[in-house]
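Here's the letter readout for the chains.
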Amino acid sequence: MSQQVNITLPDGSVRTYDSGITIKQVAESIGKKLGKDAIAGIVDGADTAIDVHTPLTKDASLKIVTVKSEAGLPVVRHTTAHLMAMAVQKLFPGTQVTIGPAIDNGFYYDFYREQGPFTPDDLPKIEEEMHRIAKQNVAMVREVVTRDQVKERFTKMGERFKLEIIDAIPANDTITVYTLGDWPDVCRGPHVPDSSWLKAFKLTSVAGAYWRGDERNPMLTRIYGTAFWTEEELAKHLEVQEEAKRRDHRKLGKELDLFFFHPYAPATPFFTEKGARIYNGLVDFIRSYYGPLDMGEVITPQLTDSELFKTSGHYANYKDNMYFAQIDEREFGMKPMNCPGHMLMFGHAKHSYRDLPIRMADFGRLHRYERSGVTAGLTRVRSFCQDDAHLFVREDQIGEEIRLQLAMLQDVYAVFGLEMKVQLSTRPEKSLGREPGLTAEERASWDKAWENAEAMLRAALADNKLEFELNVGDGAFYGPKLDFQVKDALGRWFQLGTIQLDYGLPRRFQLSYTNEQSGESTPVVIHRAILGSLERFIGILLEHTAGDLPLWLAPVQARIITINDELLAYGREIRQALEDHGVRVHLDERSEKLGFKIRDAELNKVPVVMVLGAKEREARSVSVRWRKKGDLGVMPLDKAIQLVLDAATVPKPDRAKFVRREHLVGASHS
RNA sequence: GCUCACGUAGCUCAGUCGGCAGAGCACUUCCUUGGUAAGGAAGAGGUCACCGGUUCAAUUCCGGUCGUGAGCUCCA
């Protein structure tokens, strides 16, 4: 009697089959329709779906992926990639194929061509050929082959990149060839059964890409595309792409006159007066938490002797990203991070265990040389400012300190309406305490420190009721870390904040504090940033809000428009009244028609417009027009001011959330 | 850094298969003084990114430099 396997389905039910049953057969056993629609399976919650013909030989959970399902999207995309490669080889004989996976929002296929890369002009032709082939409803046939067979076939075809791929397949893996019509490709699958599913696709761009992502390898030409089950879904996707283009912060930055770039300062923004308002508004907002959190702000040198970076290790590991200046035969380095300076700051005085935690916040400007190809708008720049802080703590204080920082971080993201997810990265193989030459005792002590740190991070997360993803072994060599990603209005994820424990730097700088036993102990450093870089955050926020910033951050909160020039005097009076209440207001004094000035205010996304005519002047009132809401009608000036003030209130931290739980016994300092 | 594309007025973009550089918006001046998304007229504004080459002639063709953008293993 053959062996049995228990297959658990998503609804929790368990079915028993003979070992070796395929996913397809399982689906068929559940229902005729399901059997027909099944195109792949996800076993034991894996990241990628596998082919329906895969035999199941041990107990497993199984999710059957069907046509037209969300989980099946990578499948249809992957098959579309094959279709594209097929079309390309038909149109451009001599082109060699390499790989063509499904990716987050579509797929790509990399080709090698002696004649040089494809151009955007080639895309419509290829697309047309793809549609032509797809309409013939050609089948996708899977066959299991031996290594020798497949090598022989692809050698004959002269596909040298494919041969390399075949050689890279592990010895025990089943090798499969998928043939779409008459076009075979070595592929792991899964795929849709025939080309009738390939209707809603579009080729989006071309780009260069290195073979296997290594810049020493030949440059391939890559074509990107996307595919969906239906044309409606494709259209929706393309519409979101269009919206993203409209919201591009580089475009908004120009249109709203917030910042610009000049060739003399590549990848380094100039913030205009309006842009600087946003920047400073964010700094003030973050700063408002520093009181309740008992954090002190410091200012540290921009340029220091390279010795500092030799001590910190940046000279050995980060030199290529730094700017240097040779002055008086001394080499100075521009700070790429605040931490080395903060180490000096801590080391400058003698500290008692009673003084800890010591929290240094710093809005200093940082300069990092980024390779020319990687800079982009405000999101990747060479000069920026972090809402940075370094917390010097005793080991027993790590948990509480992280808890407080997490509370701030959640608070801050909530203010901007950004959904968040957390990743916990734990000790990597190569890490402090695992270097050769340590005694067993030292090793054990390090192991304990890492264990303790990770446990405290977990506890702090639990305390703040935060779910997290675990990235085992992905921490820094000097300590475990938390990374925070947020989701913007278009559903895109961005990494913003980070909280990293550091056992290394304090040692390099030989920092210590006097412990309770009058001995010396080494503090642990916590690096943390919440917005990350202000520049990048401004970029993300602009795209998230489409330029309609919350009123408290808007560079100009209100604009006053008069019906005619005679009313300018009243306009100035109103401007004065608003200014006196701290409203950032602008009076449009141009001799233009009302409609023109309203339009201009709308295009500039000014949140509140106050329209003044003779009627309003008589009654000492204003007519209020609110962005996105329209005309609110005439109201007394006081009421209008109150309306603006209420909406423009700068969010304030709630002190109660940031009360420290442990208090030092006998600590008498504040 | 590498591949490809792009760089024309403050902005958005035409244009020249090599022969004195164009529009709309914005700006300036004048007229107009008006009720919730563009009133009218006139004017000013450019070393066509920069450097070099080819040519009688280069914004245009070629080479280089700078800048910007997309991409550079989410693995057959």
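What counts and what doesn't
- Residues numbered from 1 in each chain as written.
- Chains lettered and ligands numbered in written order.
- Predicted model: local features only at pLDDT ≥ 70, side-chain atom pairs only at ≥ 80, totals over all residues.
- Heavy atoms only, no water.
- Helix = DSSP H or I, 4+ residues; strand = E, 2+ residues; numbered from the N terminus.
- Areas by Shrake-Rupley, 256 points an atom, 1.4 Å probe, with all protein chains shown as cover.
- pLDDT = per-residue confidence, 0-100.
- Contact = heavy atoms within 4.5 Å.
- Pairing = 2+ DSSP bridges.
- Axes fitted to C-alpha atoms, helices over the stretch in contact; angles between N-to-C directions.
- Domains from an automatic or database assignment.
- Patch = residues over 30% accessible without salt bridge, like charges linked within 9 Å, V, L, I, M, F, W, Y side chains within 5 Å.
- Salt bridge = Lys/Arg side-chain N within 4 Å of Asp/Glu carboxyl O.
- Buried < 20%, exposed > 50% of the residue type's maximum accessible area, 1.4 Å probe, protein only.
- Parallel < 35°, antiparallel > 145°, perpendicular 65-115°, else oblique.
- Left-handed = near helix turned anticlockwise from the far one by under 90°.
- Nonpolar A, V, L, I, M, F, W, Y, C, P; charged D, E, K, R; others polar.

## Things to note about the overall build of chain A
So, point 1. A count of helices and strands for chain A gives 20 helices and 36 strands.
So, point 2. Counting only C-alpha atoms, chain A reaches 85 × 75 × 60 Å along its principal axes.
So, point 3. Carbon and sulfur atoms make up 50% of the accessible area of chain A, which amounts to about 32,900 Å² in all.

## Focus: the confidence of the model for chain A
A low pLDDT score tells you not to read the predicted coordinates there in detail.
So, point 1. The predicted model of chain A averages 91 in pLDDT, with 98% of residues at 70 or higher.
So, point 2. When the criterion is pLDDT under 50, residues 664–670 qualifies, and its contacts beyond four places in sequence or with other chains add up to 8 contacts.

## With respect to the pairing of strand E2 (residues 14–18)
Both faces of the sheet carry side chains from a regular strand, because those side chains alternate between them.
So, point 1. Both strand E1 (residues 4–8) and E2 contribute to a ladder of 5 bridges, which runs antiparallel. From the neighbouring strand, Gln4 faces E2, where its bridge partner is Asp18.
So, point 2. The loop that links E1 with its antiparallel partner E2 comprises 5 residues; one of these, Gly12, has a positive phi angle of about 95 degrees.

## Topic: the side chain of Ser623
So, point 1. Within the secondary structure, Ser623 sits in strand E35 (residues 621–626).
So, point 2. For Ser623, the residues in contact, after removing those within four places along its chain, are Val609, Met610, Val611, Glu616, Asp631, Gly633 and Val634.

## Observations regarding the sheet that holds E35
Sheet strands pair via backbone hydrogen bonds, and the direction of the pair is either parallel or antiparallel.
So, point 1. Within the open sheet, the 5 strands sit side by side as E33-E32-E34-E35-E36. Their pairing is mixed. Looking at strand neighbours, the two that pair on one side only are strand E33 (585–588) and strand E36 (630–636), the edges of this open sheet. Going from strand to strand, the sheet's axes swing by 25 degrees on average, the running direction of each strand aside.
So, point 2. Looking at chain direction, E35 and E36 are connected through 6 bridges and run antiparallel. Residue pairing across strands places Trp626 opposite Gly630, the latter belonging to E36.
So, point 3. Seen against the sheet, helix H17 (residues 568–580) touches strand E32 (558–562), E33, strand E34 (608–612) and E35 and runs at an angle of roughly 175 degrees to E33.

## Concerning the domain arrangement of chain A
So, point 1. On domain assignment, one finds that chain A holds domain 1 (4–66), domain 2 (72–238), domain 3 (259–300 + 335–545) and domain 4 (558–647).
So, point 2. Taken over C-alpha atoms, the centre of domain 2 sits 42 Å from the centre of domain 3.

## Let's talk about a nonpolar patch on the surface
So, point 1. Together, Phe468, Leu470 and Val472 give the surface a local cluster of nonpolar side chains, amounting to about 270 Å² of exposed area.
So, point 2. In this structure, Leu470 sits in strand E26 (residues 468–471).

## Brief notes about unusual backbone geometry
So, point 1. Put simply, Leu356 and Pro357 share a cis peptide bond, and its omega is 0 degrees.
So, point 2. Tracing the backbone through its elements, the reader meets Pro357 in the loop between helix H12 (339–347) and strand E22 (358–362).
So, point 3. The phi angle at Lys68 is positive, at roughly 65 degrees, despite the residue not being glycine.
So, point 4. Following the sequence through the fold, Lys68 ends up in the loop between strand E7 (60–66) and helix H3 (73–91).
So, point 5. The residue Lys465 is not glycine, and still its phi comes out positive at about 55 degrees.
So, point 6. Structurally, Lys465 is set in the loop between helix H14 (440–463) and E26.
So, point 7. Overall, Lys465 belongs to the exposed group, its relative accessible area being 74%.

## Topic: the packing of helix H5 (residues 147–156) against helix H6 (residues 160–168)
So, point 1. Between H5 and H6, whose axes approach to 9 Å, the crossing angle comes to 165 degrees. Considering their axes alone, H5 and H6 lie roughly antiparallel with respect to each other. As for how H5 packs across H6, the hand of that crossing is left-handed. From H5, Arg147, Val150, Lys151, Phe154 and Thr155 reach across to H6, where they touch Lys162, Leu163, Ile166 and Asp167.
So, point 2. Residue composition of the contact of H5 with H6, grouped by class: 4 nonpolar, 1 polar and 4 charged.

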